[in-house]
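# Structure at a glance
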Amino acid sequence: MAETQTPVWLLGAPFSGLTWLAGVLGTHPQLYATPQLHLTLADDVDGLLDIFATSQGEHGHGLLRTVAEVACGGQTDAGVAAARGWLEQRRKLKVSALLAELAARVAPRRLVIPDAETALRPYELLRLLRLAPDAPLVQLVRHPYTQGRLMSAWGVERLFVPMDYKDYSQDPPQVEPQIPWLRAQMNLDRAAGYARLRRITAEDLDRDFLDTLAGLCQWLGVDADPVTLELMADPGRWPYAGLGPAEAPGGLEPDVLMDWPAGLGAQAPAGSLENPLPWRDDGAAFDPQVQKLARGYGY
């Protein structure tokens, strides 16, 4: 039986590009990237499935797609139905045991799991660190201005927005992207004291994709030869690229699925940390804490 390795977690704020990076890494022959699995919502599979059943989002879709792909014949409606049964049979398992079983099924490839929510909540981040104490963390950061433009466009006329994303000092409360951006980065900076963590920026990947990717692969201990890196430039080859079957279409962040207006995701212009934010009506700029942290990251 192939030896399993601890998973790699891709973490950051929403709309940082985490599932896009998962698609890139998922095309590496030594790695196996999944959609978002949301394993930090509970300690056992029973609790996880109960939360999925009552969730207003698509939190269970990524896990269903993954189980269908690796254990139930593929991502079809029949495969998803079989995946539901597969998970029901494991209700008594701890999530750590479920994670170990998934890792064993994809071995000798190493699991890579993106998650754009866990870093927002310290108790979930602590649960993640306990799931696999030796697992490396990759922190993906996007400039708060670029991230904010994407997230605010997504939030327009959206019926359900998590409370973590809203500014309650405004009336009515508004989606304020800098809130999850700041929470995620501060929590991950603290986690760096307890885990092996590497920070990369979306802008580094935009400017120098191959060199940035090579450095990440070397840090993960996998091949970084030119042929492999060139193949990774096409995340459309990832088995989870795009929507899943009708019974579980989700699992990916909206930034890889939405049809954005031209230029919305362009790199932040000069002065964007100090100037009024385009998604606010009050003329406010970024909070001083956001400005300080962003400058510390080189923005």
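Scroll up to find the structure.
This write-up is about the structure you can find in this document. This structure is a prediction, so every number in the text was calculated from the model and none was measured.

### As for the pattern of salt bridges
Close approach of charged atoms allows side chains of opposite charge to pair. Counting across every chain of the model gives 14 salt bridges. Across the salt bridge formed by Glu-88 and Arg-91, the nearest N and O atoms sit 2.7 Å from each other. A residue is classified by how much of its surface remains accessible, and Arg-91, at 22% relative accessible area, is partly exposed. One network of salt bridges, in which partners are shared, links Asp-46, Asp-50, Glu-88 and Arg-91.

### A word on the pairing of strand β3 (residues 110-115)
The two faces of a sheet get side chains in turn, since along a regular strand they alternate between them. With six of six residues buried, β3 is to be regarded as a mostly interior element. Bridge count for strand β1 (residues 8-11) against β3 is four bridges, and the pairing is parallel. Residue pairing across strands places Leu-11 opposite Asp-115, the latter belonging to β3. Judged from the three bridges that link them, strand β2 (residues 31-33) and β3 form a sheet pairing that is parallel. What sits directly across from Leu-31, in β3, is Arg-110.

### As for the packing of helix α1 (residues 18-25) against helix α10 (residues 209-220)
Two elements in contact, α1 and α10, have axes whose closest approach is 12 Å; the angle formed by their N-to-C orientations is 75 degrees. Taken together, the axes of α1 and α10 lie roughly perpendicular to each other. Contacts between α1 and α10 pair Trp-20, Val-24 and Leu-25 from the former with Phe-209, Leu-213 and Leu-216 from the latter. Looking at the contact of α1 with α10, its residues break down into six nonpolar, no polar and no charged.

### Re the sheet that holds strand β7 (residues 197-201)
Neighbouring strands of a sheet are bound in pairs by backbone hydrogen bonds; such pairs are parallel or else antiparallel. In space, the five strands of this open sheet follow the order β2-β3-β1-β4-β7, with parallel pairing throughout. Two strands bound the open sheet, and with one partner strand each, they are β2 and β7. Averaged over all adjacent pairs, the angle separating strand axes in this sheet is 25 degrees, with direction ignored. Those strands touched by helix α5 (residues 95-106) are β1, β2 and β3, and its axis lies near 130 degrees from that of β3.

### Brief notes about the nonpolar core
By size, the foremost hydrophobic cluster in this structure holds 77 residues, and its most contacted members are Trp-9, Leu-10, Leu-25, Leu-39 and Leu-63. Considering each element in turn, this core owes the most residues, seven residues, to α10. Core analysis: the next-biggest nonpolar cluster, separate from the first, contains 12 residues, Val-141, Trp-181, Val-290 and Tyr-297 among them.

### Structural notes on helix α12 (residues 288-296)
Taken as a whole, α12 has its buried residues at Val-290, Gln-291, Leu-293 and Ala-294. Against the buried residues of α12 lie α7 (144-155) and α8 (178-191). Regarding α12, its N-cap is Asp-287, as a side-chain oxygen of that residue lies 2.8 Å from the backbone nitrogen of Gln-289 further along. Backbone geometry just downstream of α12 places Gly-298 in the positive-phi region, at approximately 100 degrees.

About the criteria used
Residues numbered from 1 in each chain as written. Predicted model: local features only at pLDDT ≥ 70, side-chain atom pairs only at ≥ 80, totals over all residues. Heavy atoms only, no water. Salt bridge = Lys/Arg side-chain N within 4 Å of Asp/Glu carboxyl O. Buried < 20%, exposed > 50% of the residue type's maximum accessible area, 1.4 Å probe, protein only. Helix = DSSP H or I, 4+ residues; strand = E, 2+ residues; numbered from the N terminus. Pairing = 2+ DSSP bridges. Axes fitted to C-alpha atoms, helices over the stretch in contact; angles between N-to-C directions. Parallel < 35°, antiparallel > 145°, perpendicular 65-115°, else oblique. Contact = heavy atoms within 4.5 Å. Nonpolar A, V, L, I, M, F, W, Y, C, P; charged D, E, K, R; others polar. Core = buried A, V, L, I, M, F, W, Y, C linked by side-chain atoms within 4.5 Å. Polar contact = N/O pair within 3.5 Å; in protein donor to acceptor, adjacent residues only side chain to side chain.

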